[in-house]
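Here is what each chain is made of, one letter per residue.
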Amino acid sequence: MKGHAGERAFTLIEVLVALAIFAILSALAYGTLNQTLMGAETLGDRMDRLQALQRTVRYVEQDFMQLAPRPVREELGDNYRPALYTSLETGFALELTRAGWNNPAGMPRGTLQRVAWRVEDDVLQRYYWNVLDRTLANEPAIVDVLDGIESLEFRFMTDNGAWSAEWPPQDRPGPLGLRMRPRAVELILTLVNEGEIRRLIEIAP
């Protein structure tokens, strides 16, 4: 049976050319899709990092906003450590006593808590103790808050509006310095890849 007039089959060259064009278009489409997926993944990673930074700043803010004027007894002896304290001898960037410690289980304890912040191996860590006047037997709980940290610094505003890198100020020794709170605190967080972040936190009178 004869075919219709004018009909003809594709030649091998035409088939190869069509396959080549299809392969090129497929490669371009794959490259575009791959770039889109990589961009979406990068954007997702950046969003996760940004949310982690926001959570970290919020944790620090909550500690300072709940700052309580309650000194704590040192592990050895009867000396007291200020409610807010910065000293190289502690190994922490700072220690503070905060209120608002939730007690959903109704444990026989107060709502004040002693916490501390430090950077260890590029990781920002938050320490907290289950007792205020602790002994050497009281081990802290440690929470890794954020990685990629280069440094952690604090500055404190005094009553006269001056800024100090340490607390209590050197001119406020004795019982007054033990309970004294700053008017405001500036958090300076330097990140390995993101640079420096500053946050000003007002302390309730």
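Residues numbered from 1 in each chain as written. Predicted model: local features only at pLDDT ≥ 70, side-chain atom pairs only at ≥ 80, totals over all residues. Heavy atoms only, no water.

So, the sheet that holds strand β10 (residues 184-191)
Within a beta sheet, neighbouring strands are joined by backbone hydrogen bonds and run either parallel or antiparallel to one another.
Moving on, step 1. The sheet built from 4 strands is open, its strands ordered β9-β8-β10-β11 with antiparallel pairing. Two strands in the sheet have a free side with no partner beyond their single neighbour: β9 (163-164) and β11 (195-202). (Pairing = 2+ DSSP bridges. Helix = DSSP H or I, 4+ residues; strand = E, 2+ residues; numbered from the N terminus.)

A look at the layout of surface pockets
Moving on, step 1. Taken as a whole, the largest pocket holds about 260 Å³ of empty space.
Moving on, step 2. In terms of lining residues, the largest pocket is bounded by Thr86, Ser87, Leu88, Gly91, Phe92, Ala93, Leu152, Glu153, Phe154, Arg155, Ala165 and Glu166.
Moving on, step 3. Of the pockets and cavities examined, the second largest pocket occupies roughly 170 Å³.
Moving on, step 4. If you trace the second largest pocket, you find it lined by Tyr59, Gln62, Asp63, Arg98, Gly100, Trp101, Asn102, Gln113, Arg126 and Tyr128.
Moving on, step 5. Top contributing element to the lining of the second largest pocket by residue count: helix α1 (residues 12-65), with 3 residues.
Moving on, step 6. Looking at the lining of the second largest pocket, its residues break down into 3 nonpolar, 4 polar and 3 charged. (1 Å grid on protein atoms, 1.4 Å probe; cavity = no way out; pocket = protein on both sides within 12 Å on 5 of 7 lines; lining within 4 Å. Points joined across faces, edges and corners; volume = space filled by probe spheres on them. Nonpolar A, V, L, I, M, F, W, Y, C, P; charged D, E, K, R; others polar.)

Considering the pairing of strand β3 (residues 84-87)
Moving on, step 1. Residue alternation in β3 divides its side chains into two sets, Leu84 and Thr86 and Tyr85 and Ser87, and both sets are buried.
Moving on, step 2. In this sheet, strand β4 (residues 92-98) lies alongside β3 in antiparallel orientation, the contact comprising 3 bridges. Across the sheet, Leu84 pairs through a bridge with Leu96, a residue of β4.
Moving on, step 3. Hairpin connection from β3 to β4: 4 residues lie between these consecutive antiparallel strands, with Gly91 at a positive phi of about 85°. (Buried < 20%, exposed > 50% of the residue type's maximum accessible area, 1.4 Å probe, protein only.)

What to know about the sheet that holds strand β5 (residues 113-120)
Moving on, step 1. Taking strand neighbours across the sheet as the criterion, the 5 strands line up as β3-β4-β5-β6-β7 in an open arrangement whose pairing is antiparallel. For this open sheet the edge positions go to β3 and β7 (141-147), each flanked by a neighbour on one side alone. On average, each strand axis in the sheet is tilted by 20° relative to the strand beside it, whichever way the strands run. (Axes fitted to C-alpha atoms, helices over the stretch in contact; angles between N-to-C directions.)

What about the nonpolar core?
Moving on, step 1. Counting 26 residues, the largest nonpolar core has Phe64, Leu84, Leu94, Leu146, Phe154 and Phe156 as its most contacted members.
Moving on, step 2. Here this core takes 5 residues from α1, the largest share from any one element.
Moving on, step 3. Each residue touching Leu146, except ones within four places of it in the same chain, is listed here: Arg49, Ala52, Leu53, Thr56, Asp122, Val123, Leu124 and Leu191. (Core = buried A, V, L, I, M, F, W, Y, C linked by side-chain atoms within 4.5 Å. Contact = heavy atoms within 4.5 Å.)

Focus on unusual backbone geometry
Negative phi is the rule for most residues except glycine; trans is the rule for most peptide bonds.
Moving on, step 1. With omega at 0°, the peptide bond leading from Trp167 into Pro168 counts as cis.
Moving on, step 2. Despite not being glycine, Asp121 shows a phi value in the positive range, around 55°.
Moving on, step 3. Residue classification places Asp121 among the exposed residues on the basis of a relative accessible area of 66%.
Moving on, step 4. Positive phi outside glycine occurs at Asp122, with the angle close to 65°.

Comments concerning the pattern of salt bridges
Moving on, step 1. Per the counting criterion, the structure on display carries 16 salt bridges.
Moving on, step 2. Note that Glu194 is salt-bridged to Arg46, the shortest N-O span being 3.6 Å. Of this pair, Glu194 sits in the loop between β10 and β11 while Arg46 sits in helix α1; the two residues are 148 residues apart in sequence, bridging distant segments of the chain.
Moving on, step 3. Ionic pairing is found between Glu196 and Arg198, a salt bridge with its closest N-O pair at 2.8 Å.
Moving on, step 4. For Glu196, a relative accessible area of 47% puts it in the partly exposed group.
Moving on, step 5. The exposure class of Arg198 is partly exposed, given its relative accessible area of 47%. (Salt bridge = Lys/Arg side-chain N within 4 Å of Asp/Glu carboxyl O.)

Some words on the pairing of strand β8 (residues 149-157)
Where a strand is regular, its side chains alternate between the two sheet faces.
Moving on, step 1. The sheet contact formed by β8 and β10 spans 8 bridges and is antiparallel. Among the inter-strand pairings, Leu152 is bridged to a residue of β10, identified as Leu189.
Moving on, step 2. Where β8 meets β9, 2 bridges bridge the pair, whose relative direction is antiparallel. The partner of Met157 across the bridge, within β9, is Trp163.
Moving on, step 3. Between β8 and the antiparallel strand that follows it, β9, lie 5 residues; Gly161 among them carries a positive phi value of about 90°.

Interpretation in functional terms is not warranted from these geometric data alone.
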